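Structural overview for review
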Amino acid sequence: KELPEDSEVVVPWANMKFAAAMHVGVKTRTSEIPYYQEFEEHGIPASGEGMDLETLARYKYHIDTGGGGGTTWSGTLEKLGLPGLLFH
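Rules behind the numbers
Residues numbered from 1 in each chain as written. Predicted model: local features only at pLDDT ≥ 70, side-chain atom pairs only at ≥ 80, totals over all residues. Heavy atoms only, no water. Helix = DSSP H or I, 4+ residues; strand = E, 2+ residues; numbered from the N terminus. Buried < 20%, exposed > 50% of the residue type's maximum accessible area, 1.4 Å probe, protein only. Contact = heavy atoms within 4.5 Å. Areas by Shrake-Rupley, 256 points an atom, 1.4 Å probe, with all protein chains shown as cover. Pairing = 2+ DSSP bridges. Phe/Tyr/Trp six-rings, centres within 6.5 Å; stacked < 30°, edge-to-face > 60°. Patch = residues over 30% accessible without salt bridge, like charges linked within 9 Å, V, L, I, M, F, W, Y side chains within 5 Å. Salt bridge = Lys/Arg side-chain N within 4 Å of Asp/Glu carboxyl O.

Summing up its helical and strand segments, the chain has three helices and four strands in all. Helices and strands in the chain line up, N terminus first, as β-β-α-α-β-α-β. Sorting the 88 residues of the chain into buried and exposed places 16% on the buried side. Looking at the chain alone, contacts between residues at least 24 apart form 39% of all its contacts between residues at least 6 apart. Accessible surface for the chain amounts to roughly 7,600 Å². Of this, 56% is attributable to carbon and sulfur atoms.

Written out as structure tokens, the structure reads:
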């Protein structure tokens, strides 16, 4: 959506979204799952894109809620090696 020119842009205090989830036994982008599409229909931006480690390293805080299979130890160790604070 585009904002009108005279609108003030307000940056959210946190930008947390679900990137992927298990759907019918397959890891699927949340933007393709009807459950998450319902949030979007009501103006709640719940779906987002995944990030690689290089992009994650630019952020001060990392929130990892796990997922369908949880987070592997190797995935957790990778995130602990990034700058910033990991909430796991």
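So that's the structure; there's more coming.
On to the pairing of strand E2 (residues 26-29). For a regular strand, the rule is simple: side chains alternate between the two faces of the sheet. Pairing of strand E1 (residues 20-23) with E2 involves four bridges; the strand directions are antiparallel. Its bridge partner being in E2, Met22 is matched across the sheet by Lys27. Linking two consecutive strands that pair antiparallel, namely E1 and E2, is a turn of two residues; a positive phi of about 55 degrees is found at Val24 within it.

Moving on, we come to the packing of aromatic side chains. Under the counting rule described, the total for this entry stands at five aromatic pairs. Taken together, Phe18, Tyr35, Tyr36 and Phe39 form an aromatic cluster joined through their ring pairs.

All right, on to unusual backbone geometry then. The backbone phi angle of Val24 is positive, close to 55 degrees, even though this residue is not glycine. Relative to the elements of secondary structure, Val24 occurs in the loop between E1 and E2. Overall, the relative accessible area of 74% leaves Val24 in the exposed class.

A cluster of nonpolar residues, Trp13, Met16, Tyr61, Ile63, Leu85 and Phe87, forms a patch on the protein surface that exposes about 760 Å² of accessible area. Of note, Met16 is situated in the segment before E1. For Met16, a relative accessible area of 48% gives the class partly exposed.

Topologically, Leu80 is positioned in helix H3 (residues 73-80). A relative accessible area of 53% places Leu80 in the exposed class. As a C-alpha pair, Leu80 and His62 span 18 residues in sequence and 9.5 Å in three-dimensional space.

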